[in-house]
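Single-letter residue listing:
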Amino acid sequence: MERESIEEGQISTPLLENRKGQSNRAADDGGGRGRFSGSSSATAAVLFSTLVAVLGSYVFGSAVGYSSPAQSGIMNDMGLSLAEYSVFGSIFTIGAMIGAIMSGRLADYIGRRGTMGISEIFCTIGWLAIVFSKGSWWLYLGRLSMGCGVGLLSYVVPVYIAEITPKNLRGAFTAVNQLMICCGVSLTYIIGIIVSWRILAMIGTIPSLVQFLGLFFVPESPRWLAKIGRGSDSEVSLQRLRGKTADISLEAAEIWNYTETLQRISEAGVLELFQWRYSRSLTVGVGLMVLQQFGGVNGIVFYASSIFESAGFSGRVGTMAMVAVQIPMTTLGVLLMDKSGRRPLLLVSAGGTCVGCFLVGLSFFLQDIQLWKDFSPFLALVGVLVYSGSFSLGMGGIPWVIMSEIFPINMKGSAGSLVTLVSWLGSWIISYTFNFLLEWSSAATFFIFASICGLTVLFVAKLVPETKGRTLEEIQASLNPSW
């Protein structure tokens, strides 16, 4: 989902494996980044198509960020208990797991545009079900439908952007996907402070509908068209994206060469992933996702307002401060990823989340023992902001980057599905249990999260390789020596 995850993504995405396919020779000739015939300037068609696609990223972010500002209003207006609202918050991730599982196959069967269109239908139905809900079941069904849509979007949006964008611009354009998710979360927090939960849900339908209509005016991915044998349509789409006067002959030839290579490769099934030669790759990929989710991120994102209120601080002020931190730190992480490397950013990010969780836990502990009552709410605010900023810097996106780089081409499809499922499953477990954990012991909950974040630092230091500046072959040879 993040930048390199998109460039080196799953096997069902033709463009993404060019470095390992027929075009690998061109990359080697260019000194690492490669002289790739797909390098060109951004045309109006590419800009507009990317803009339409990243509206789905905004929908993703707004759906994730909805439950925090809406919590008090929904619980009061609909008479929901804490357990019932926990179901509302967590059922979203169940829908996302369903959507993620079928996303790759659906995108290969009906195309990238069609999949984005179906995902927005799911999201729009979900938002409207919440707007007009008369009871908890309508809320649950709406949230489940939104989750299915987001599960599809989480795969197909970055894939589409990667497949239409020139190679020399792909990093910058795919970074927009990550930033738009963050903007969706942040703006939903802010708008939710001002309007009621029903109006907030109605506003959520706007980007969904705009993207759905915009899809009629953007070209289909030329890579997907080539994959299904529609060569002439592929060239028409590519010419439209590169400009009427652009010479697309070499890029079109490379697409066909890669497509033919892909068809000769036998993909590994899920069970084949557990062979000993893939053990380190699987440990690193799955381990990072488990540690990312069990560090508590979705509990904090979904229930930020209630955390601040429980700590005795204004939920609105705390949420706005959290928003002010997320976008700049996400931007900084994108800018530093290819300069400082993956491991240093991960170590700093994981260390920061550990400190943030510890400060929040300490705030609740001081409240429990009736000490420094006036100081503890500000400690909770600082802790959440440190956690949010640190997570946005690296732990939010880099695990997807590394996952995309460490798996050999023949297992990327199966490995990507497995890792995505693990990520959403962890998200569901945390989002469902978070409120119950806070009721059990707020201080202990955050101390547990701090311990897991501390474990992440050790995991990165001992097991996660630095992949910056290395070819995929070098990375995979070091991790899978018998491959």
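This one's a predicted model, so the numbers in the text were calculated from it and none came from an experiment.

## Some words on helix α4 (residues 67–78)
So, step 1. Under the 1.5 Å per step criterion, the end-to-end length of α4 is only 14 Å for twelve residues, more than 12% shorter than the ideal 16 Å.
So, step 2. All of the buried residues in α4 are S67, S68, P69, A70, Q71, I74 and M78.
So, step 3. Directly after α4, the chain includes G79, whose backbone phi takes a positive value near 65 degrees.

## Details of the nonpolar core
Nonpolar side chains in soluble globular proteins tend to end up buried together.
So, step 1. Counting residues in hydrophobic clusters, the biggest one holds 91 residues, and the most contacted among them are Y66, I74 and F446.
So, step 2. With twelve residues, the top contributor of residues to this core is helix α7 (residues 136–164).
So, step 3. In this structure F446 touches I300, I307, C357, V360, G361, F364, F434 and L438, once residues within four positions along its chain are discounted.
So, step 4. Formed by nine residues, the second largest nonpolar core is a distinct cluster that contains L282, M403, A415 and L418.

## With respect to the packing of helix α3 (residues 44–65) against helix α11 (residues 231–242)
So, step 1. With their axes 6 Å apart at the nearest point, α3 and α11 run at an angle of 100 degrees to one another. Judged by the angle between their axes, α3 and α11 are roughly perpendicular. Residue-level inspection shows A45, V46 and S49 of α3 in contact with α11, the latter providing R240, L241 and R242.
So, step 2. A per-class count over the contact of α3 with α11 returns three nonpolar, one polar and two charged.

## Quick notes on the packing of helix α5 (residues 82–110) against helix α6 (residues 112–131)
So, step 1. Running from N to C, α5 and α6 cross one another at 160 degrees; their axes reach a closest spacing of 9 Å. When the axes of α5 and α6 are compared, the pair comes out roughly antiparallel. Considering how the two elements wind past one another, α5 and α6 form a crossing that is right-handed. Listed contacts from α6 to F88, L106, A107, D108 and I110 of α5 are R112, G114, T115, I118 and I130.

## A word on the confidence of the model for the protein chain
So, step 1. For the protein chain, mean pLDDT is 79; residues scoring 70 or higher make up 80% of the total.
So, step 2. Predicted confidence for residues 1–38 stays below pLDDT 50, and this span has 126 contacts to residues more than four positions away or in other chains.

## Describing the side chain of S145
So, step 1. Topologically, S145 is positioned in helix α7.
So, step 2. Overall, the relative accessible area of 11% leaves S145 in the buried class.
So, step 3. Beyond its immediate chain neighbours, meaning those up to four positions away, S145 contacts F122, C123, I125 and G126.

## Some details on α5
So, step 1. The first and last C-alpha atoms of α5 sit 40 Å apart over 29 residues, in line with the 42 Å expected at 1.5 Å per residue.
So, step 2. Residue S103 marks the point of greatest curvature in α5, where the axis turns by about 45 degrees.

## Quick notes on the environment of G95
So, step 1. Mapped onto the elements, G95 comes out in helix α5.
So, step 2. We classify G95 as buried; its relative accessible area is 0%.
So, step 3. Each C-alpha atom, one on G95 and one on G151, is 7.1 Å from the other, the two residues being 56 residues apart in sequence.
So, step 4. What G95 contacts, discounting residues up to four positions off in sequence, is L144, G147 and C148.

## Let's talk about the packing of aromatic side chains
What describes a pair of aromatic rings is the distance from one ring centre to the other and the angle between the planes of the rings.
So, step 1. Taken as a whole and judged by the stated rule, the model has 13 aromatic pairs.
So, step 2. Measuring from centroid to centroid gives 5.3 Å for Y85 and F88, while their planes differ by 40 degrees, and the two rings are tilted. Within this pair, Y85 and its partner F88 are both found in helix α5, separated by three residues, close to a single helical turn. Summarising the burial analysis for this pair, Y85 and F88 share the class buried.

## Here's the deal with the environment of P344
So, step 1. Along the polypeptide, P344 turns up in helix α17 (residues 342–368).
So, step 2. On the accessibility criterion, P344 (37% relative accessible area) is partly exposed.
So, step 3. Taking C-alpha positions, P344 is 9.3 Å from V460, a pair spaced 116 residues apart along the chain.

## So, the state of the cysteines
So, step 1. Here the structure, examined in full by the defined rule, presents zero disulfides.
So, step 2. In this structure C354 is a free cysteine whose sulfur lies 6.1 Å from that of C453, the closest cysteine sulfur available.

## A short note on the environment of L179
So, step 1. Looking at the element boundaries, L179 is found in helix α8 (residues 170–194).
So, step 2. Of the residues examined, L179 reaches a relative accessible area of 23% and is grouped as partly exposed.
So, step 3. Along the sequence, L179 and P328 sit 149 residues apart, while their C-alpha atoms lie 9.4 Å from each other.
So, step 4. Beyond its immediate stretch of four places on either side in the chain, L179 contacts I327, T330 and T331.

## Structural notes on a nonpolar patch on the surface
So, step 1. Taken together, the side chains of F48, L51, L213, F216 and F217 present a nonpolar region at the surface, about 560 Å² in accessible area.
So, step 2. Mapped onto the fold, L51 is located in helix α3.

How each quantity is defined
- Every chain is numbered independently, its residues counted from 1 as its sequence is written.
- Selection of residues for local features in this predicted model requires a pLDDT of at least 70, selection of side-chain atom pairs for listing and counting requires 80 or more, and totals for whole chains, interfaces and linings are taken over all residues.
- The basis for every side-chain value is the complete set of non-hydrogen atoms in the structure, without hydrogens or water.
- Counting from the N terminus, the helices are DSSP H or I runs at least four residues long and the strands are E runs at least two residues long.
- A helix is expected to span 1.5 Å for every residue after the first.
- With a 1.4 Å probe rolled over the protein chains alone, any residue whose accessible area is under 20% of its type maximum counts as buried; one over 50% counts as exposed, and the rest are partly exposed.
- By nonpolar core we mean a set of buried residues, namely Ala, Val, Leu, Ile, Met, Phe, Trp, Tyr and Cys, connected to one another through side-chain atoms within 4.5 Å.
- Residue contacts are counted whenever heavy atoms from the two residues lie within 4.5 Å of one another.
- The axes are straight lines fitted to the C-alpha atoms, using for helices just the contacting stretch, and the angles between their N-to-C directions are given from 0 to 180°.
- Roughly parallel refers to an angle under 35 degrees, roughly antiparallel to one over 145, roughly perpendicular to one between 65 and 115, and oblique to any angle outside these ranges.
- Here the term charged refers only to Asp, Glu, Lys and Arg, the term nonpolar to Ala, Val, Leu, Ile, Met, Phe, Trp, Tyr, Cys and Pro, and the term polar to all other amino acids, Gly among them.
- Each helix crossing is assigned a hand: it is left-handed if the near helix lies turned anticlockwise from the far helix by less than a right angle, otherwise right-handed if that turn is clockwise.
- Confidence of the prediction at every residue is given by pLDDT, a number between 0 and 100.
- Fitting axes to the seven residues that end at a residue and to the seven that start at it, the angle between those axes gives the bend at that residue.
- Two rings belonging to Phe, Tyr or Trp (six-membered ring only in the last case) form a pair when the distance between their centres is within 6.5 Å. Interplanar angles under 30 degrees mark stacking, angles over 60 mark edge-to-face geometry, and anything in between is tilted.
- The term disulfide is used for any two cysteine sulfur atoms that are within 2.5 Å.
- Note on patches: the residues involved have over 30% relative accessible area and no salt bridge, like charges join within 9 Å, and the nonpolar side chains Val, Leu, Ile, Met, Phe, Trp and Tyr join within 5 Å.
- The accessible surface values rely on the Shrake-Rupley method and a 1.4 Å probe; as for residues, cover is taken only from the protein chains in view.
- By definition, a salt bridge exists where a carboxyl oxygen of Asp or Glu is found within 4 Å of a side-chain nitrogen of Lys or Arg.

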